[in-house]
Amino acid sequence: MRYWLMKSEPDAFSIDDLKNCPKKTEHWDGVRNYQVRNMMRDDMKKGDLAFFYHSNCAEPGIVGIMTITREAYPDHTAFDPEDHHYDPKSDPDNPRWLMVDVTYKRHLKRNISLQELKQLNAQMPDFALLRKGNRLSVVPVEKEYWDFILGLE
DNA sequence: GCCAACGTTGGC
DNA sequence: GCCAACGTTGGC
């Protein structure tokens, strides 16, 4: 089993939005980066756990935990000209983009901000989230770091 | 294959 | 809103 961190802008889709979804489950659409797509396709498995991370907001950070409940399948939003993430080059017969389903598990007891994580960088020297220039919307989290971060709660 | 121009992410 | 740090596109 693997651990992940997945970013979402709370203005677009927050952890509370996920919690309020039917069955607390929603598809994680809109990934338009090949590296992230490949990770979802090759490495993300049903039962994996992921941190829900709020990005591009007043206090960026980890706010909760979700479970991967369906493995990668075609992202239909890429076929929809009305969709913000429409990609005319994604062919329904050979989809370019994939998504997974995620299910709300719980909020963290408190938000763990990016600022706090940065201060602990020395204890998580290989955390992809903290790497300079990192812009991937999904990053793997080593189990050691996962446990460490949960220990901060 | 190179690289300039452009688009996006996301912290601040 | 600014801008650094990418990734992508497309001409050559």
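Look up: the structure comes first, before these words.
Nothing here was measured: the structure is a model prediction, and the numbers come from that model.

(A) Local environment of the overall build of chain A. Secondary structure summary: chain A contains four helices and six strands in total. When the helices and strands of chain A are listed from N to C terminus, the series reads β-α-β-α-β-β-β-α-β-α. For 153 residues, the compact-globule estimate of 2.2 N^0.38 gives 15 Å, and the C-alpha radius of gyration of chain A, at 15 Å, lies within 12% of that figure. Dimensions of chain A along its principal axes, counting C-alpha atoms only, are 45 × 30 × 30 Å. Each of the 153 residues in chain A was classed as buried or not, and the buried ones make up 45%. For chain A, long-range pairs separated by at least 24 residues make up 72% of all intrachain contacts whose partners lie at least 6 apart in sequence. Total accessible area on chain A stands at roughly 8500 Å², and carbon and sulfur atoms take up 46% of it. In chain A, 22 side chains carry a positive charge and 25 a negative one; their mean positions are 4 Å apart.

(B) Inspection of the protein's contact with DNA strand B at higher detail. Around DNA strand B, the neighbouring residues are Lys7, Tyr53, Ser55, Asn56, Pro60, Leu114, Lys118, Arg135, Leu136 and Ser137. For DNA strand B, the fraction of atoms within 4 Å of the protein that belong to sugar or phosphate moieties is 67%. A distance of 3.1 Å separates a phosphate oxygen of DNA strand B from a polar atom in the side chain of Lys7. At 2.5 Å, a side-chain N or O of Lys118 approaches a phosphate oxygen of DNA strand B.

(C) Just the sheet that holds strand β3 (residues 49-54), in detail. Pairing in this open sheet of six strands is mixed, and the strands run β2-β5-β4-β3-β1-β6 from one edge to the other. Of all the strands in the sheet, just β2 (25-28) and β6 (138-141) have a single pairing partner and so form its edges. Along the sheet, successive strands turn relative to each other by an average axial angle of 40°, direction set aside. As paired elements, β3 and strand β4 (residues 61-74) share six bridges and run antiparallel to each other. Among the inter-strand pairings, Phe51 is bridged to a residue of β4, identified as Ile65. Packed on one face of the sheet, helix α2 (residues 34-42) meets β1 (3-8), β4, β5 (98-113) and β6 and runs near 100° to β5.

(D) Quick peek at the protein's contact with DNA strand C. By nearness alone, every residue bordering DNA strand C is listed as Asn33, Tyr34, Gln35, Lys89, Lys132, Gly133 and Arg135. Sugar plus phosphate, as a fraction of atoms of DNA strand C within 4 Å of the protein: 75%. With respect to DNA strand C, the side chain of Lys132 contributes an N or O atom lying 3.1 Å from a phosphate oxygen. The contact in question runs from a base oxygen of DNA strand C to an N or O atom on the side chain of Arg135, over 2.7 Å. Among the residues forming the surface near DNA strand C, the class breakdown is one nonpolar, three polar and three charged.

(E) Representation of the environment of Met66 within the structure. Tracing the backbone through its elements, the reader meets Met66 in strand β4. Through-space distance from the C-alpha of Met66 to that of Asn94 is 29 Å; in sequence the pair is 28 residues apart. Setting aside chain neighbours within four positions, we find Met66 in contact with Met6, Leu18, Trp28, Asp48, Leu49, Ala50, Phe51, Phe52, Val102, Thr103, Tyr104 and Lys105.

(F) Representation of unusual backbone geometry in the model. One non-glycine residue, Lys24, lies in positive phi territory at about 50°. Mapped onto the secondary structure, Lys24 falls in the loop between α1 (15-19) and β2. Using a relative accessible area of 37% as the deciding quantity, one classes Lys24 as partly exposed. Positive phi outside glycine occurs at Asn56, with the angle close to 55°. With respect to the helices and strands, the residue Asn56 is situated in the loop between β3 and β4.

Each value, and the rule that gives it
- Residues numbered from 1 in each chain as written.
- Chains lettered and ligands numbered in written order.
- Predicted model: local features only at pLDDT ≥ 70, side-chain atom pairs only at ≥ 80, totals over all residues.
- Heavy atoms only, no water.
- Helix = DSSP H or I, 4+ residues; strand = E, 2+ residues; numbered from the N terminus.
- Rg over C-alpha atoms; globule rule 2.2 N^0.38 Å.
- Buried < 20%, exposed > 50% of the residue type's maximum accessible area, 1.4 Å probe, protein only.
- Contact = heavy atoms within 4.5 Å.
- Areas by Shrake-Rupley, 256 points an atom, 1.4 Å probe, with all protein chains shown as cover.
- Lys, Arg positive; Asp, Glu negative; His and termini not counted.
- Charge placed at Lys NZ, Arg CZ, Asp CG, Glu CD.
- Near = heavy atom within 4 Å.
- Polar contact = N/O pair within 3.5 Å; in protein donor to acceptor, adjacent residues only side chain to side chain.
- Pairing = 2+ DSSP bridges.
- Axes fitted to C-alpha atoms, helices over the stretch in contact; angles between N-to-C directions.
- Nonpolar A, V, L, I, M, F, W, Y, C, P; charged D, E, K, R; others polar.

Geometry only, nothing functional implied.
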